[in-house]
Amino acid sequence: MSNTWHCCACDHRPALSEQSLSPGLPTRECVECNGHWVRLDDHREWVASGAPQAEAPELAEHWLPEADSPARACPACQRIMERLRTGGQPDIRIDRCVHCHAVWLDGGEWAALQFQQARLDDVLSDMWQRQLREAQAQERRDAQVRQRHGAECIDEVLRIRQWLQQQAEPGVVLKLIRNGW
């Protein structure tokens, strides 16, 4: 690891300064864009020490970075970091360096995580990311079906499905619909 780290978001040249993101959570901060480099081990220790769960702050849209910003190089090792979604509102992207076991939080992303009441380890987990991908795939399938058959038709199918699930013998009712009586 290099001793002189530079911001991966705004390429601010003075080295990142040692700060605390929350009391007891050490980070390196870019004074230009308020981005933070957080070691995941430091975050886990902070959580294990009984870190206070702050009240969700109010978010200002201008705090949050562009969701489609390009991949970034890790400030510590210069490897390309992976971008992971949080899935909440706002749906932010967290940059993670798997080599350094650390994340880059753009200015406002820590506040957004608190606003979502999301834990960093949960958001970074394979299970969380898989659920997000599955939900996104389902949304795409739903949009394709709606485009193909029309929103009115799909809304009626959903209404009938809900009604069918409320019946005492939905299998029998479905057979009656298919075959008549």
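Bear in mind the structure is a predicted one, so any value in this text is a computation, not a measurement.

Counting its secondary structure elements, the chain contains six helices and six strands. Order of helices (α) and strands (β) in the chain, N terminus to C terminus: β-β-β-α-β-β-β-α-α-α-α-α. Scored against the burial criterion, the 181 residues of the chain give a buried share of 34%. In the chain, the proportion of contacts linking residues at least 24 apart, taken out of those at least 6 apart, comes to 49%. On the chain, roughly 11,800 Å² of surface is accessible, and the fraction owed to carbon and sulfur atoms is 49%.

This part is about unusual backbone geometry. Even without a glycine there, the phi angle at Asn34 is positive, about 65°. Here Asn34 shows up in the loop between strand E2 (25-29) and strand E3 (36-39). With a relative accessible area of 42%, Asn34 lands in the partly exposed category. If you check the backbone angles, Gln78 has positive phi at about 70° while not being a glycine. What makes Gln78 exposed here is its relative accessible area of 54%.

Quick look at the pairing of E3 now. Across two bridges, the pairing between E2 and E3 is antiparallel. Looking across to E3, one finds that Glu29 is bridged to His36. Between the antiparallel neighbours E2 and E3 lie six residues, among them Asn34 with a positive phi of about 65°. Two strands pair when backbone bridges link them, and E3 and strand E6 (residues 102-105) are joined in this way by four bridges, in the antiparallel orientation. Bridged to Trp37 within E6 is Trp104.

With that settled, the discussion passes to the layout of surface pockets. Taken as a whole, the largest pocket encloses approximately 160 Å³ of empty space. Lining of the largest pocket is provided by Gln138, Arg141, Asp142, Val145, Arg146, Ile154, Val157, Leu158 and Arg161. Those elements that place two or more of their residues in the lining of the largest pocket are helix H4 (126-149) and helix H5 (151-165). Counting residues per element, the lining of the largest pocket draws most heavily on H4, which supplies five residues. A per-class count over the lining of the largest pocket returns four nonpolar, one polar and four charged.

Okay, the nonpolar core next. Ranked by internal contacts, the top residues of the largest apolar core, which has 18 residues, are Ile94, Val103, Leu105, Trp110, Leu113, Leu120 and Leu124. Of all the secondary structure elements, the ones that give two or more residues to this core are helix H1 (40-48), E6, helix H2 (109-116) and helix H3 (120-124). The contact partners of Ile94, leaving out residues within four places of it in the chain, are Glu82, Arg83, Leu84, Thr86, Val103, Trp104, Leu105, Glu109, Leu113, Leu120, Val123 and Leu124. Formed by 13 residues, the second largest nonpolar core is a distinct cluster that contains Cys7, Cys30, Met81 and Trp104.

Attention now goes to the sheet that holds strand E5 (residues 93-97). Read across the open sheet, the six strands follow the order E1-E2-E3-E6-E5-E4; overall the sheet is antiparallel. Unpaired on one side and paired on the other, strand E1 (17-22) and strand E4 (82-85) mark the two borders of the sheet. Pairs of neighbouring strands in the sheet enclose a mean axial angle of 35°, with direction left out of account. Contacts between H2 and the sheet are confined to E1, E2, E5 and E6, with E6 contributing the most and set at about 100° to the helix.

If you walk through the whole model with that rule in mind, you get 13 salt bridges. Residues joined by salt bridges that share partners form a network here, namely Arg39, Asp41, Asp42, Arg44 and Asp121.

Turning our attention to the packing of H4 against H5. Relative orientation of the contacting elements H4 and H5 amounts to 115°, with a least axis distance of 6 Å. Across from Val145, Arg146 and His149 in H4, the residues of H5 making contact are Ala151, Cys153, Ile154, Asp155 and Leu158. Among the residues forming the contact of H4 with H5, the class breakdown is five nonpolar, one polar and two charged.

About the thresholds
Here the residue numbering is sequential within each chain, running from 1 through the sequence in written order. Per-residue local features of the predicted model are confined to residues with pLDDT of at least 70, and side-chain atom pairs are confined, for both listing and counting, to 80 or more; whole-chain, interface and lining totals are unaffected and use all residues. Remark: hydrogens and water are excluded; side-chain values derive from all non-hydrogen atoms of the structure. Each helix is a run of DSSP H or I of at least 4 residues and each strand a run of E of at least 2, with the numbering of both proceeding from the N terminus. Exposure classes here rest on a 1.4 Å probe applied to the protein chains alone. A residue is buried below 20% of its type maximum, exposed above 50%, and partly exposed in between. Throughout, a residue-residue contact means that at least one pair of heavy atoms, one from each residue, lies within 4.5 Å. Only the protein chains shown count as cover for residues, with accessible areas throughout obtained via the Shrake-Rupley method and a probe of 1.4 Å. By the convention used here, strands pair only if DSSP detects at least 2 bridges between them. Put simply, the grid is 1 Å and covers the protein atoms alone, a cavity is a trapped set of points that fit a 1.4 Å probe, a pocket is an open set with protein on both sides within 12 Å along at least five of seven lines, and lining residues have an atom within 4 Å of a point. Grid points are joined across faces, edges and corners, and a volume is the space filled by probe spheres set on the points. Residues are grouped as follows: Ala, Val, Leu, Ile, Met, Phe, Trp, Tyr, Cys and Pro are nonpolar; Asp, Glu, Lys and Arg are charged; every other residue, Gly included, is polar. Side-chain atoms within 4.5 Å link the members of a nonpolar core, which is a set of buried Ala, Val, Leu, Ile, Met, Phe, Trp, Tyr and Cys residues. Orientation is described by lines fitted to C-alpha atoms, with helices fitted over the stretch in contact, and by angles between N-to-C directions that extend from 0 to 180 degrees. What counts as a salt bridge is simple: a side-chain nitrogen of Lys or Arg found within 4 Å of a carboxyl oxygen of Asp or Glu.

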